[in-house]
Amino acid sequence: MTVYFIGAGPGDPELITVKGQRLIRSCPVILYAGSLVPEAVLQGHSAEQVVNTAELHLEQIVRLLAEAHARGQDVARVHSGDPSLYGAIGEQIRHLRALGIPFEIVPGVTATAACAALLEAELTLPEVSQTVILTRYGHNSPMPPGEELAALASHRATMAIHLGVQHLPRIVADLLPHYGAGCPIAVVHRASWPDQEWVQGTLADIEDKVRDKGFRRTSLILVGRVLGAADFAESALYAEATRHLFRREGAGSSD
């Protein structure tokens, strides 16, 4: 048997990979994070055991995985977004390795990608930002040395900040010295869910806008000049003068 850690995407049931959907529909055991994964993602399954793990602790989850292993049953362990990003799969994998239980990770669409799509934004623009930093706000547990928000902000790259909307004033204070008050910022609540909402503004006014919306959780913060950029260089990839393996000199001509 195999435990499949499946990224179910940010919320929209259609934003799941074909492989992830196939495994959910074929595995006899499904353990899903019900606080973040909608039940619609499980539509079409034929599993004999389906468990919402939102109220379970790690040892209980591992016990269920071990019991399925003893029965020789594959498990669809369904997480939101992409399981390799804030999916809390590391500690599960550590237990599975200790128990000799095979596993596989099936990637998924990230919340960051869903937010960019909603905002109709490319997060990497030539001469504006070529780097995206995915991080979280270190409140309940400290960040590793050098990964404090202010240190990351010094790069002035596009940044996606998880788990931080409740601490927005502190986040803005850390970002302001590096990005400036006029830097665009967006806060997206439950991206791709039916009740998704978002606000866009600048570091100077975003706090008031978020307060008016009442966002308190399940929100992603995106900040960076790419969100408001209109005047930027075009990519060399599609430039007429660029020659590469798939577009040699003279290609496309009528001669």
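About the thresholds
Residues numbered from 1 in each chain as written. Predicted model: local features only at pLDDT ≥ 70, side-chain atom pairs only at ≥ 80, totals over all residues. Heavy atoms only, no water. UniProt positions renumbered as here; feature names shortened; annotations may be inferred. Helix = DSSP H or I, 4+ residues; strand = E, 2+ residues; numbered from the N terminus. Contact = heavy atoms within 4.5 Å. 1 Å grid on protein atoms, 1.4 Å probe; cavity = no way out; pocket = protein on both sides within 12 Å on 5 of 7 lines; lining within 4 Å. Points joined across faces, edges and corners; volume = space filled by probe spheres on them. Nonpolar A, V, L, I, M, F, W, Y, C, P; charged D, E, K, R; others polar. Buried < 20%, exposed > 50% of the residue type's maximum accessible area, 1.4 Å probe, protein only. Pairing = 2+ DSSP bridges. Axes fitted to C-alpha atoms, helices over the stretch in contact; angles between N-to-C directions. Salt bridge = Lys/Arg side-chain N within 4 Å of Asp/Glu carboxyl O. Core = buried A, V, L, I, M, F, W, Y, C linked by side-chain atoms within 4.5 Å.

An unreviewed UniProt entry annotates the protein chain as Precorrin-4 C(11)-methyltransferase originating from Pseudomonas schmalbachii. Its UniProt record, at the heading Pathway (unreviewed entry), says of the protein chain: "Cofactor biosynthesis; adenosylcobalamin biosynthesis." Taken from UniProt, the Sequence similarities (unreviewed entry) comment for the protein chain reads in full: "Belongs to the precorrin methyltransferase family."

A.B. asks: Sorry, what's going on with the side chain of His167 here?
C.D. replies: Counting through the fold element by element, His167 comes out in the loop between β7 (158-162) and α6 (168-179). If near-sequence neighbours (up to four positions away) are discounted, His167 is found in contact with Tyr137 and His139.

A.B. asks: How should I be thinking about the layout of surface pockets in this particular structure?
C.D. replies: Empty space among the atoms becomes apparent when a probe as large as a water molecule is rolled across them. The calculated volume of the largest pocket comes to roughly 1,300 Å³. As for the largest pocket, its lining consists of 47 residues, and the residues nearest its centre are Leu36, Ser80, Tyr86, His162 and Leu163. Looking at the lining of the largest pocket, the elements with two or more residues in it are α2 (58-71), β4 (75-79), α3 (90-99), α4 (111-118), β6 (132-136) and β10 (219-223). Per element, the largest residue contribution to the lining of the largest pocket is 3 residues, and it comes from α4. Here the residues of the lining of the largest pocket sort into 20 nonpolar, 20 polar and 7 charged.

A.B. asks: Honestly, the pairing of strand β8 (residues 184-189) in this entry has me stumped. Any pointers?
C.D. replies: Across the 6 residues of β8, 6 count as buried, placing the element largely inside the fold. Alternating positions in β8 separate into two faces, Pro184, Ala186 and Val188 on one and Ile185, Val187 and His189 on the other, with burial throughout. Strand direction decides the pairing type here: β8 and strand β9 (residues 197-202), joined by 6 bridges, are antiparallel. The residue of β9 that forms the bridge with His189 is Glu197.

A.B. asks: Would you mind showing me how to read the environment of His167 here?
C.D. replies: Overall, His167 belongs to the buried group, its relative accessible area being 15%. Taking the C-alpha atoms as reference, His167 lies 34 Å from Ala76; in sequence the two are 91 residues apart.

A.B. asks: Honestly, the sheet that holds strand β2 (residues 29-32) in this entry has me stumped. Any pointers?
C.D. replies: Two pairing modes exist for strands in a sheet, parallel and antiparallel, and in both the strands are linked by backbone hydrogen bonds. Spatial ordering of the open sheet is given by β3-β2-β4-β1-β5, a layout of 5 strands whose pairing is parallel. Of all strands in the sheet, those with a lone pairing partner are β3 (49-52) and β5 (103-106), marking the two edges. Averaged over neighbouring strand pairs, the angle between their axes works out to 15° when direction is ignored. Here strand β1 (residues 3-7) runs beside β5; their pairing, made up of 4 bridges, is parallel. Looking at the pairing, Tyr4 lines up with Glu104 of β5.

A.B. asks: Help me out: how do you make sense of the pattern of salt bridges in this one?
C.D. replies: Two side chains bearing opposite charge may form a pair once their charged atoms approach each other closely. A complete count under the given rule lists 5 salt bridges for this structure. Lys19 is the partner of Glu104 in a salt bridge, and the nearest nitrogen-oxygen pair spans 2.5 Å. Here Glu104, found in strand β5, pairs with Lys19, found in helix α1 (residues 18-26); they are 85 residues apart in sequence, far enough to count as distant. Judged by relative accessible area, Glu104 falls into the partly exposed class, the value being 27%. Residue Lys19 is classed as partly exposed on the basis of its relative accessible area, which comes to 36%. Asp205 is the partner of Lys209 in a salt bridge, and the nearest nitrogen-oxygen pair spans 3.9 Å.

A.B. asks: Explanation requested: the nonpolar core in the structure shown.
C.D. replies: Proteins that are soluble and globular tend to have nonpolar side chains buried together. Formed by 24 residues in total, the largest nonpolar core has its most connected members in Met159 and Leu175. Only α5 (149-153), β7, α6, β8, α7 (206-213) and β10 provide two or more residues apiece to this core. The element contributing the most residues to this core is α6, with 5 residues. Counting residues in hydrophobic clusters, the runner-up holds 17 residues, among them Ile24, Tyr32, Ala33 and Val106.

A.B. asks: Can you walk me through the UniProt feature "domain: Tetrapyrrole methylase" (unreviewed entry) in the protein chain in this structure?
C.D. replies: With numbering matched to this structure, UniProt assigns "domain: Tetrapyrrole methylase" (unreviewed entry) to residues 2-206. In residues 2-206, the share of helix is 29% and the share of strand is 21%. The end C-alpha atoms are 45 Å apart.

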